[in-house]
Amino acid sequence: MSTVESRPLVGEGISRVDGPRKVTGTAPYPMDFSVPGQVYGALVQSTIAAGRIVRMHTEEAEGSPGVIGVLTHENAPEVGTGPMTVLGASPPPPLRNDRIIHQGQHIGFVVAETAEQAAAAARLVRADYEAAEPLLDLQDPRAEQLTDPWGMDHARGDATAALESAEVTLRATYTTPDNTNNPLGLFATLAVWEGNTLTVHDTSQWPSMVRTTLAMAFGIPESSVRVLVPYVGGGFGAGLRAWPHVVLTAMAARMLGRPVKLVLTRPQMFTSVGHRPHGVQWLQLGATGEGELVAIDHRSLSSLGMEDGDFEPFASGTAFAYACPNVTTRDRQARINVAMPTSMRAPAEAQGNFALESALDELSYTLGMDPLELRVRNHTAVDPRNGLPWSGKAILECYEAGALRFGWSDRNPEPRSMRDGNWLIGYGMASAMFPYFATPCMAEATVNRDGSAFVRSAATDIGTGTYTVMAQLSAQELGLPLEKVRFDLGDSDMPDSMMAGGSGLTGALGNAVHDACRRLLRSFAELARQDADSPLRGVNPDDVECGDGRVFVAGRPERGESYADILARHGMPQLTATGSSTPPVAEDVGMSSAGAYGAKFVEVRVDADLGLVRVTRVVSAIDGGRILNAKTARSQIIGGTVGGIGMALFEDTVTDPRTGRIANATFADYLVAVNADIPELDVVFVGEPDRGSPTGTKGVGEVGLVGIPAAIANAVYHATGKRLYHLPITLDALL
């Protein structure tokens, strides 16, 4: 079976199918939903970072206008803990005891007739504490450390011995701070109970997981929970966990017998929905005088909440980044009194890549070698962990295309040698990679008697273009014009989907959609084969193609009929098929699944007197496999690049080292990259469809950020001669 299209839909830069709803303001985001009889919740948060609550004072709040109820650990029902997921443990249930483990922890929930009444009453709730000294220093020897928490530590050869005998060595320590995801849309939850059936509108990148969490929390079947997320409003990883406020909103709605709606404030976003964990990395490189890597030792220590299990192995990607016979990677986490970390765009790899690619750049100067040549020399076409070839890796093509577009050959290799008046000019580059990630996924495809198609899955579109690319893929697989296909998502009652994160959704969902459409085409062919009145009678389903809304004999479009005719003759309103995808096992398919690769080239200008850094050019050359939509894929790389510039130069969630209070939890104080900070961003895609995927795709949402912080830091060194080992890069470090 195959699809014939006179005008292929996949690959074209088609504008978003959901674009008109977004630009006209009619796309419903979680905070936009309301139901009759709803009331409003407001959080009460801890003002200490460690200790216990001695007493809650709720009387004044309970007597406040419009207040319906106040929940604390003293009257809240016990609820169950959510599941262990591929991204870590579920957060602990809310209001379960008097223990305080971080500043801003939810210690109460006020419900009132209006949002304003709830917020005003929440400010009246007071707590008496028995405070304890918080652990806030990542390297405090009293902090509990988890060694290799995810079983991803790696060792091959003998890195220690190879470092001792290496001709050239480099040792450096790198630090990266907490960053906060800060999507534009504030997170919101609306919970509605009807008997033992719960419907929730929530800001989530993973509706199926939220459904499971709520079912476990309240001891009801998953079939009794429905989670709706048609639009998200941004997430960047913050929506990959079912946070305590979600359970708390549903708890209040059940206790009070009213629908309850909660919208977080911006400061609450800093303590309620995670953040990129800060960390320290120790890196050692050993090389020959010709630049061949002989040893890498990469170790990290990152922050973890007191009762949490976040997944963030900084050093893991180094295990297979380059050809090197002796490699050790070790990751540890330290429990401290901070709000629970979570994935933030390019989790782990954003931090790990900054250390590795900065170290390689420094090594290149030590060797007197072009930084690009050093990376080319240590390229590996096979997975160093198992010796298997990659399913697709065009990093060499990325280097070549990116260097040509950027004009890398024009670079004077001497630091501080290029300038324009008072501006020091620097060129920097870095490799980028985000590892393959996917989980099982399902989709359902239906063709109706009018010839239209409806394809669906319980996925989300966090702005990446899932609505659009899946509609394109469905249309091409079914041989229908795009306007005849509707793709829907954001409903946990639909077939289970993986999360929108880890650059995995496009591949996993795309393969499930591909499978569903192929199964549906086969079902139509089977119906026609057994139909005496069909021109396809007796034709093997393996020998048909589809196109222009018809099923026909391969190579003979005149012998066939439309979907509509087949359904009408059988008296059927529609025909449906379900498809699935499962991540391949490397040993079974004879190759290692490759994620996306890239090469990032950056030009910076640094004011010689003031230390001001301006990014003036960025070229990103990306191997994203088969690109389903060039416009939305390019948009993903641009968005990731902006995030990378923010990580490199601006973003730093500042925590008071004595109290654990976040000192800059507003957009007035937490700096992000804005339009004036972003130059023209050039993106070029290279490479071929990935051999390990039926659709040939790779995700590109994460790889756009990876490599940008390192490339900027490397360009700053080239401009100034100052090597910086911490982020963000601020002017005081350059003065």
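Residues numbered from 1 in each chain as written. Predicted model: local features only at pLDDT ≥ 70, side-chain atom pairs only at ≥ 80, totals over all residues. Heavy atoms only, no water.

1. Focus: the pairing of strand E13 (residues 188–194)
Operational definition: Three labels apply to residues, based on accessible area from a 1.4 Å probe with only protein chains included: buried if under 20% of the type maximum, exposed if over 50%, partly exposed otherwise in between. Going along the chain from the N terminus, every DSSP run of H or I of four or more residues is numbered as a helix, and every run of E of two or more is numbered as a strand. Strand pairing requires that DSSP identify at least two bridges connecting the strands.
Within E13, 6 of the 7 residues are buried, which leaves it mostly tucked inside the rest of the structure. As paired elements, E13 and strand E14 (residues 197–202) share 6 bridges and run antiparallel to each other. Of the residues in E14, the one forming a bridge with Glu 194 is Thr 197.

2. Comments concerning helix H5 (residues 207–218)
Stated formally: Helix span, as expected, comes to 1.5 Å for every residue beyond the first. Contacts between residues were defined by any pair of non-hydrogen atoms, one from each residue, lying within 4.5 Å.
The first and last C-alpha atoms of H5 sit 17 Å apart over 12 residues, in line with the 16 Å expected at 1.5 Å per residue. Of all 12 residues in H5, 11 are buried; the element is thus mostly enclosed. For H5, the set of buried residues is Pro 207, Ser 208, Met 209, Val 210, Arg 211, Thr 212, Thr 213, Leu 214, Ala 215, Ala 217 and Phe 218. In this fold, the buried residues of H5 make contact with strand E5 (84–85), E13, E14, strand E15 (225–228) and helix H6 (244–256). Phi turns positive, to about 65°, at Gly 219, one or two residues after H5.

3. Overview of a nonpolar patch on the surface
Operational definition: Patch membership requires over 30% relative accessible area and the absence of a salt bridge. Like charges are linked within 9 Å, and nonpolar side chains (Val, Leu, Ile, Met, Phe, Trp, Tyr) within 5 Å. Computed with the Shrake-Rupley method and a 1.4 Å probe, the accessible areas treat only the protein chains shown as cover for residues. Counted as salt bridges are all cases of a side-chain nitrogen of Lys or Arg within 4 Å of a carboxyl oxygen of Asp or Glu.
Together, Leu 184, Phe 667, Val 672 and Val 674 give the surface a local cluster of nonpolar side chains, amounting to about 380 Å² of exposed area. With respect to the helices and strands, the residue Leu 184 is situated in the loop between strand E12 (168–176) and E13.

4. Here's the deal with the side chain of Ser 46
Along the chain, Ser 46 falls in the loop between strand E2 (39–45) and strand E3 (51–57). By relative accessible area, which is 2% here, Ser 46 ends up buried.

5. Looking at the sheet that holds E2
To keep things clear, this is the line we draw: The angle between two axes is taken between their N-to-C directions and runs from 0 to 180 degrees, where each axis is a line fitted to C-alpha atoms and a helix contributes only its stretch in contact.
Pairing is mixed across the open sheet formed by 7 strands, whose spatial order is E4-E8-E2-E16-E13-E14-E15. At either margin of the open sheet sits one strand with a lone partner, and together these are strand E4 (67–72) and E15. With direction set aside, neighbouring strand axes in the sheet form an average angle of 20°. Note: E13 against strand E16 (residues 260–263), 4 bridges, orientation antiparallel. The residue of E16 that forms the bridge with Leu 190 is Lys 261. Sitting on the sheet, H5 is in contact with E13, E14 and E15, with an inclination near 145° to E15. Contacts from H6 reach E2, E4, strand E8 (106–112), E13, E14 and E16, with the element oriented near 35° to E13.

6. Focus: the side chain of Glu 444
Rules: Polar contact is the term for a pair of N or O atoms within 3.5 Å; when the atoms are in protein, one must be able to donate a hydrogen and the other to accept it, and sequence-neighboring residues count only if both atoms are side-chain atoms.
Among the secondary structure elements, Glu 444 is positioned in strand E22 (residues 441–448). The exposure class assigned to Glu 444 is buried, which follows from its relative accessible area of 18%. Here the side chain of Glu 444 touches Arg 456 through a polar contact of 2.9 Å, side chain to side chain. Leaving out residues up to four positions away in the same chain, Glu 444 has contacts with Phe 454, Val 455, Arg 456, Pro 495, Ala 516, Thr 576, Ala 577 and Thr 578.

7. Some thoughts on the sheet that holds strand E29 (residues 596–607)
The sheet built from 5 strands is open, its strands ordered E20-E21-E29-E30-E31 with mixed pairing. At either margin of the open sheet sits one strand with a lone partner, and together these are strand E20 (418–420) and strand E31 (681–686). Recorded for the sheet is a direction-independent mean angle of 25° between the axes of neighbouring strands. Summarising the sheet, E20 and strand E21 (residues 423–434) pair through 3 bridges and their orientation is antiparallel. In the sheet register, Met 418 faces E21, and the bridge partner there is Ile 425. Of the strands in this sheet, strand E30 (613–623) and E31 are in contact with helix H15 (residues 630–649), which crosses E31 at around 125°.

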